[in-house]
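These are the residues of each chain, in order.
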Amino acid sequence: MSANPPVSEPSPPDPARPSGLRARLRYYWTIIVAALCFVVIGIPVITVGYLLRWLFGVEDFIHPFARFGCRLYLRAAGARIHVSGLEHLTEGQTYVFIANHQSTLDPPLLFTYLRWNVGALAKKELSRVPILGQGMSLAHVIPIDRGNHERAMASTRLGVQTLRDGHSLMAFPEGTRTVDGRVREFKKGVFFMALDADVPIVPVVINDTRLVIRKGVQGSVPGHVFVEVLSPVDTGVYSHANIEEFVATVRDQIASRVRHD
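Residues numbered from 1 in each chain as written. Predicted model: local features only at pLDDT ≥ 70, side-chain atom pairs only at ≥ 80, totals over all residues. Heavy atoms only, no water.

Enquirer: Report on the overall build of the protein chain, specifying residues and quantitative values.
Expert: In terms of regular secondary structure, the protein chain is built from seven helices and seven strands. Along the protein chain, helices and strands appear, N-terminal first, in the series α-α-β-β-α-β-α-β-α-β-α-β-β-α. At 18 Å, the protein chain has a C-alpha radius of gyration in line with the 18 Å of a compact globule built from 261 residues. Taking the principal axes of the C-alpha coordinates as reference, the protein chain spans close to 45 × 45 × 35 Å. Relative to its 261 residues, the protein chain shows a buried fraction of 49%. Counting only contacts in the protein chain whose residues sit at least 6 apart along the sequence, the fraction spanning at least 24 positions is 78%. Counting every atom, the protein chain has about 12900 Å² of accessible surface; 58% of that belongs to carbon and sulfur. (Helix = DSSP H or I, 4+ residues; strand = E, 2+ residues; numbered from the N terminus. Rg over C-alpha atoms; globule rule 2.2 N^0.38 Å. Buried < 20%, exposed > 50% of the residue type's maximum accessible area, 1.4 Å probe, protein only. Contact = heavy atoms within 4.5 Å. Areas by Shrake-Rupley, 256 points an atom, 1.4 Å probe, with all protein chains shown as cover.)

Enquirer: Tell me about the confidence of the model for the protein chain, and name the residues and values.
Expert: Chain-level pLDDT for the protein chain is 91 on average; 93% of the residues reach the 70-or-more range. Low pLDDT (under 50) marks residues 2-18, which in the prediction has 32 contacts with non-local residues, meaning those over four places away or in another chain. (pLDDT = per-residue confidence, 0-100.)

Enquirer: Can you tell me about helix 7 (residues 243-255), naming the residues and giving the values?
Expert: Within an α-helix, residues lying three or four positions from one another point in the same direction, as the helix has 3.6 residues per turn. Between its terminal C-alpha atoms helix 7 stretches 18 Å, which fits the 18 Å expected from 13 residues at 1.5 Å a residue. Listing the buried residues of helix 7 in full gives Ile243, Phe246, Val247, Val250, Arg251 and Ile254. In a view along the axis of helix 7, the buried residues occupy a sector of 120 degrees, so they form one face of it. (Expected span 1.5 Å × (residues − 1). Arc of directions from axis to C-beta.)

Enquirer: Which residues make up the nonpolar core, and what values do they have?
Expert: By size, the foremost hydrophobic cluster in this structure holds 41 residues, and its most contacted members are Leu89, Phe97, Leu105 and Leu110. Setting aside residues no more than four positions away along its own chain, Leu110 makes contact with Ala99, Val118, Met170, Phe172, Val204, Ile206 and Val227. (Core = buried A, V, L, I, M, F, W, Y, C linked by side-chain atoms within 4.5 Å.)

Enquirer: I'd love a proper account of the packing of aromatic side chains, names of residues and values included.
Expert: The relative placement of two aromatic rings is captured by the distance of their centres and the angle of their planes. Tallying each qualifying case throughout the model produces eight aromatic pairs. When the ring of Tyr95 is compared with that of Trp116, the centres are 5.8 Å apart and the planes differ by 50 degrees; the resulting orientation is tilted. With Tyr95 in the loop between strand 1 (79-84) and strand 2 (96-99) and Trp116 in the loop between helix 3 (106-113) and strand 3 (119-123), the pair connects residues that are 21 residues apart, well separated along the chain. Judged by relative accessible area, Tyr95 falls into the buried class, the value being 2%. (Phe/Tyr/Trp six-rings, centres within 6.5 Å; stacked < 30°, edge-to-face > 60°.)

Enquirer: Tell me about the pattern of salt bridges, and please be specific about residues and values.
Expert: Throughout the structure, instances matching the rule amount to ten salt bridges. Residues Arg182 and Asp180 are paired through a salt bridge, measuring 3.5 Å at the closest nitrogen-oxygen approach. With a relative accessible area of 43%, Arg182 lands in the partly exposed category. The closest approach of N and O atoms between Glu228 and Arg257, which form a salt bridge, is 2.6 Å. Of this pair, Glu228 sits in strand 7 (residues 223-229) while Arg257 sits in the segment after helix 7, and the two are 29 residues apart along the sequence. (Salt bridge = Lys/Arg side-chain N within 4 Å of Asp/Glu carboxyl O.)

Enquirer: Report on the side chain of Asp208, specifying residues and quantitative values.
Expert: Looking at the secondary structure, you find Asp208 in the loop between strand 6 (201-207) and strand 7. For Asp208, a relative accessible area of 6% corresponds to the buried category.

Enquirer: Could you give an account of the side chain of Thr235, with specific residues and numbers?
Expert: Inspection of the secondary structure assignment puts Thr235 in the loop between strand 7 and helix 7. With sequence-adjacent residues up to four places away left out, Thr235 is seen in contact with Ala194, Leu195, Asp198, Val199, Pro200 and Phe246.

Enquirer: So what's going on with the sheet that holds strand 3? Which residues, and what values?
Expert: An order of 1-7-6-2-5-3-4 is seen for the seven strands of this open sheet, with the pairing classed as mixed. The strands lining the two open edges of the sheet, one partner per strand, are strand 1 and strand 4 (141-144). On average, each strand axis in the sheet is tilted by 25 degrees relative to the strand beside it, whichever way the strands run. Bridging between strand 2 and strand 5 (residues 169-171) involves three bridges; their strand directions are parallel. Each residue of the ladder has a partner; that of Val96, found in strand 5, is Leu169. Sheet contacts for helix 3: strand 1, strand 2, strand 5, strand 6 and strand 7; angle to strand 6, the most-contacted strand, approximately 125 degrees. (Pairing = 2+ DSSP bridges. Axes fitted to C-alpha atoms, helices over the stretch in contact; angles between N-to-C directions.)

Here it is in structure tokens:
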């Protein structure tokens with residue numbers, strides 16, 4: 001890892017990203033690597049993790065192995081990672097990490113390089129995948145059902161309890177990946193979780209993962225990607241009454257440092 005250069009510098013235009021046979025082959029290679037990691041690493045580790053939690057109450061067993069698998073996936077995609085700002089974090093503190101969303105690389109990127117045993121908020125459909133769904137619960141991943149209010153509220157309560165138990169979470173409150181890099185509006189659910197659990201939010205800026213694997217394109221082009229961890233935002237000065245201001249504060253910090261087309 002190396003220091004992140006000033007994010008205010010614009011990305012050079014590159015019309016070749018991502019296209020061509022080489023980009024397609026690398027994209028399919030990343031899928032193969034992800035599948036192999038799941039079979040060779042994921043299934044055994046999830047099985048052992050369940051046994052250790054059931055027998056001895058062991059938590060976070062799978063995180064080192066999951067980070068290793070994510071690192072292999074990122075390397076297969078050709079992502080050259082640069083991280084800055086980790087000095088803003090306090091060891092042992094529980095956080096909610098909020099980031100913009102550009103690519104399928106973003107969740108494994110943060111999971112691997114934040115250096116925290118971080119869970120996540122994820123679409124409920126993922127929890128239905130055999131074995132993967134069980135692994136999500138071991139990694140403190142909270143499935144969110146936005147189409148059902150009661151289930152969404154239950155997920156929010158589970159997220160609050162997870163934070164109170166000392167497990168950090170990450171979320172991408174845009175709800176979907178951006179194609180051009182521009183930051184969309186943020187959904188408020190994860191901010192309510194942070195408020196109710198009294199846990200600081202850490203804005204995280206992701207730049208240029210969309211130039212490696214872009215939404216809607218089956219291609220992967222090696223390139224530099226940047227993660228910038230900003231200073232935590234204390235929830236103490238916010239409440240449900242001024243949640244809009246809370247969301248806007250975090251979003252503006254991120255959006256002002258994101259490069260876009």
